[in-house]
Amino acid sequence: MGRKLNVAIVGATGVVGSIMRRLIAAERGNWGEVRLVASARSAGKRLEVGDEVITVRALDADVFDGIDIAHFDLPDEVSAEWVPVAAAKGVVVIDKSGHFRMDPEVPLVCREANPEAALVRPKGIIANANCTTLALIPTLAALNAHFGLQSMSVASYQAASGSGKEGLEALYAQSQKIAGVDRIGTEDGDVRAVLGEEFHAPFGAPLAFNVVPKVGGWKEDGWTSEELKVRNESRKILGLPDLKVASTCVRVPVAVGHSQVVHATFANEVTVAEAHRVLGAADGVELVDDPENMVFPMPIDSVGKGGTQVGRIRQSIDFPNSLEFFVVADNLMKGAALNSIETADLVRRELEAA
Ligand SMILES: NC(=O)c1ccc[n+]([C@@H]2O[C@H](COP(=O)([O-])OP(=O)(O)OC[C@H]3O[C@@H](n4cnc5c(N)ncnc54)[C@H](OP(=O)(O)O)[C@@H]3O)[C@@H](O)[C@H]2O)c1
């Protein structure tokens, strides 16, 4: 191609967009122009990308002129409308919303599992999986390659920032309100007495000092959208359409870092020592597993880290060929921004070589 590609971050003012700016700054030399886009509310804001200060443009069709690759970090309904506009202009779109992920003509890419899928994109669109799924995939892909993954049961402990700026700000506001009272309510622990209805958004209930067993919207038969995403997106990325998945997604009062408890069953026999060997060498996985010395993955240690962390690996006592383990990833990094940066790298190399 002979020139540096131009890249846009669409949704540059959001929590994921802010990490995108940092990651693009770290590889600034790879790109020509970096363009920042958000809603009309943010037009004219000046934001830093490394040493550069770039003025945010309001989303319209013209912002895609001259752009080669666009990272979309927008709410679902806004992506649904604007991704096709960018793609029609020949831009390769990497979209983090849920809207296109299960479209059979849109690859769902995670470098550690299916990097080749990024190169086949009939609609010019690549989807980034949801943050909970992406936290699992590097570990699952490595174990599947060696032992043949057959089923998994997952329980998530998801951070407030998974709900964007609004979620993070809500957790801080609720925590500050509670920190200002000597005793919580009339009886210790009565959080509802302190956090009234005005603190219910966006989780549907107070999150500070609480856990909320609902992530995403309600779907048929009592499932949430997030739980179905874990099932459907894992199947698609791993290329295992018959993978059996049970998932329960829970929001916890953590700022950043999604954790998951996993029970996984394999076609072949697996031991902890073998799992350690495989995961210790796996791309995108950090083995953090020395529990007697209090060494295991935790969300507070995941913040800003690339990849995913796995630990507490045990052989199931009552289930053959099965492991129990704990996985953590920064939902804004591998769960969002880092994964799409890694996908863009695959596309950039392809386009530059063309
Ligand atoms: N948070 C996570 O852990 C995570 C993980 C994986 C995927 N995702 C996905 O990534 C996307 C962004 O999430 P986020 O958490 O960064 O959300 P966020 O903090 O709420 O940011 C949303 C961004 O979208 C922009 N936006 C909203 N409405 C717009 C409109 N009508 N036109 C143009 N821009 C508009 C906002 O711009 P203004 O500031 O101008 O309003 C802001 O830049 C979502 O699709 C989300 O599902 C998030």
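Here's what I pulled together on the structure shown here. Not measured: the values here are computed from a predicted model.

Points about the packing of aromatic side chains
Argument step 1. Counting across every chain of the model gives 3 aromatic pairs.
Argument step 2. With a centroid separation of 6.4 Å and an interplanar angle of 65°, the aromatic rings of Y157 and F326 are classed as edge-to-face. With Y157 in strand 9 (residues 149-158) and F326 in strand 14 (residues 322-329), the pair connects residues that are 169 residues apart, well separated along the chain.
Argument step 3. Positioned above the aromatic ring of W31 is the side chain of R348, whose terminal nitrogen or guanidinium carbon lies 5.9 Å from the ring centre.

Brief notes about the side chain of D95
Argument step 1. Mapped onto the elements of the fold, D95 is located in strand 7 (residues 92-95).
Argument step 2. At a separation of 2.7 Å, a polar atom in the side chain of D95 contacts the side chain of S79.
Argument step 3. Look past the residues within four positions of D95 in its chain and what remains in contact with it is F72, S79, V83, F100, I126, A127 and N128.

Some words on the sheet that holds strand 8 (residues 125-127)
Argument step 1. Strand order in the open sheet formed by 6 strands is 5-2-1-6-7-8, and the pairing between neighbours is parallel. One side of each edge strand has no neighbouring strand; the edge strands of this open sheet are strand 5 (57-58) and strand 8.
Argument step 2. Running over the sheet, helix 1 (residues 15-26) touches strand 1 (5-10), strand 2 (31-38) and strand 6 (69-72) and is turned about 155° from strand 1.

Some remarks on the side chain of E112
Argument step 1. Secondary-structure assignment places E112 in the loop between strand 7 and strand 8.
Argument step 2. With a relative accessible area of 14%, E112 lands in the buried category.
Argument step 3. Within the structure, the side chain of E112 is placed 3.1 Å from the side chain of R111, a separation counted as a polar contact.
Argument step 4. In contact with E112, other than residues within four places in its own chain, are P138, A141, D283, G284, K334 and E342.

A short note on the environment of H276
Argument step 1. Structurally, H276 is set in helix 7 (residues 272-280).
Argument step 2. Taking C-alpha positions, H276 is 9.8 Å from V288, a pair spaced 12 residues apart along the chain.

Description of the layout of surface pockets
Argument step 1. As a volume, the largest pocket reaches approximately 1,300 Å³.
Argument step 2. Taken together, 47 residues make up the lining of the largest pocket; nearest its centre are L74, P75, G162, S163 and G164.
Argument step 3. Mapped onto the lining of the largest pocket, the elements with two or more residues apiece are helix 1, helix 2 (76-88), helix 4 (164-179), helix 6 (225-238) and helix 9 (333-353).
Argument step 4. For the lining of the largest pocket, the two domains that each supply at least three residues are domain 1 (5-128 + 336-353) and domain 2 (133-159 + 211-331).
Argument step 5. Here the second largest pocket is characterised by a volume of approximately 200 Å³.
Argument step 6. The element that contributes the greatest number of residues to the lining of the second largest pocket is helix 6, accounting for 5 residues.
Argument step 7. Taken together, the residues that form the lining of the second largest pocket break down as 3 nonpolar, 4 polar and 5 charged.
Argument step 8. Looking at which domains feed residues into the lining of the second largest pocket, each of domain 1 (5-128 + 336-353) and domain 2 (133-159 + 211-331) gives three or more.

Rules used throughout
- Residues numbered from 1 in each chain as written.
- Predicted model: local features only at pLDDT ≥ 70, side-chain atom pairs only at ≥ 80, totals over all residues.
- Heavy atoms only, no water.
- Phe/Tyr/Trp six-rings, centres within 6.5 Å; stacked < 30°, edge-to-face > 60°.
- Helix = DSSP H or I, 4+ residues; strand = E, 2+ residues; numbered from the N terminus.
- Lys NZ or Arg CZ within 6 Å of the ring centre and 35° of its normal.
- Polar contact = N/O pair within 3.5 Å; in protein donor to acceptor, adjacent residues only side chain to side chain.
- Contact = heavy atoms within 4.5 Å.
- Pairing = 2+ DSSP bridges.
- Axes fitted to C-alpha atoms, helices over the stretch in contact; angles between N-to-C directions.
- Buried < 20%, exposed > 50% of the residue type's maximum accessible area, 1.4 Å probe, protein only.
- 1 Å grid on protein atoms, 1.4 Å probe; cavity = no way out; pocket = protein on both sides within 12 Å on 5 of 7 lines; lining within 4 Å.
- Points joined across faces, edges and corners; volume = space filled by probe spheres on them.
- Domains from an automatic or database assignment.
- Nonpolar A, V, L, I, M, F, W, Y, C, P; charged D, E, K, R; others polar.

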